[in-house]
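Residues per chain, in single letters:
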Amino acid sequence: IDTANAPIFGIDRDGRVNVWNTCASNLTGFGVAEVKGRHLVDDFITPQYKSSVQDVFSKALSGVETANFEFPLVTKAGKSVEILLNATTRRDERDLIIGVVGIGQDITARMNQEQEYA
């Protein structure tokens, strides 16, 4: 997970970050120590997307996974990067839901290009 060429992050049942790979660090400027234990939606999602992102995570925490969800993630510099996310339910060895893992793709350049041609 840590060396994957895609931003990967995870949250526990309370929405607190417990997985944050190198690509997520490079993309946002936040290191693992800076994000671990912080609430992902409250601290790293732009205000207009908090509700929809929380909804995706809440669904995943109930076993309903979401593919190809787009949202902006706030960087350490205060800018936003556009992420295309697949939110997957994370389960323990007893098949109990313990959180969510998000595997993303930085689509910022694509979004900027689409806006340029719109």
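The coordinates are above.
Residues numbered from 1 in each chain as written. Predicted model: local features only at pLDDT ≥ 70, side-chain atom pairs only at ≥ 80, totals over all residues. Heavy atoms only, no water.

So, the nonpolar core
- Residues W20, L40, F57, F71 and L73 are the most contacted members of the largest nonpolar core, which totals 26 residues.
- Not counting residues up to four positions away in its chain, the partners in contact with F57 are F9, I11, L40, V41, L85 and V100. (Core = buried A, V, L, I, M, F, W, Y, C linked by side-chain atoms within 4.5 Å. Buried < 20%, exposed > 50% of the residue type's maximum accessible area, 1.4 Å probe, protein only. Contact = heavy atoms within 4.5 Å.)

So, the packing of aromatic side chains
- One pass over the structure, following the stated rule, counts four aromatic pairs.
- Ring centres of F9 and W20 lie 6.1 Å apart, and the angle between their planes is 40°; this geometry places the pair in the tilted category. Taken together, the residues F9 in strand 1 (residues 8-12) and W20 in strand 2 (residues 17-20) connect sequence positions eleven residues apart.
- According to the relative accessible area criterion, F9 is buried, its value standing at 2%.
- The class of W20 is buried, set by a relative accessible area of 5%.
- Note on F30 and F44: the rings are 5.0 Å apart at their centroids and 75° apart in plane angle, and the pair reads as edge-to-face. Residue F30 is located in the loop between helix 1 (22-28) and helix 2 (32-35), and its partner F44 is located in helix 3 (residues 40-44); the two are separated by 14 residues in the primary sequence.
- Residue classification places F30 among the buried residues on the basis of a relative accessible area of 12%.
- By relative accessible area, F44 is classed as buried at 0%.
- Through pairs of rings, three or more aromatic residues link up here, namely F9, W20, F30 and F44. (Phe/Tyr/Trp six-rings, centres within 6.5 Å; stacked < 30°, edge-to-face > 60°. Helix = DSSP H or I, 4+ residues; strand = E, 2+ residues; numbered from the N terminus.)

Concerning the environment of R91
- Structurally, R91 can be placed in strand 4 (residues 80-91).
- Residues R91 and S52, spaced 39 residues apart in sequence, show a C-alpha to C-alpha distance of 23 Å.
- In this structure R91 touches G63, L96, I97 and I98, once residues within four positions along its chain are discounted.

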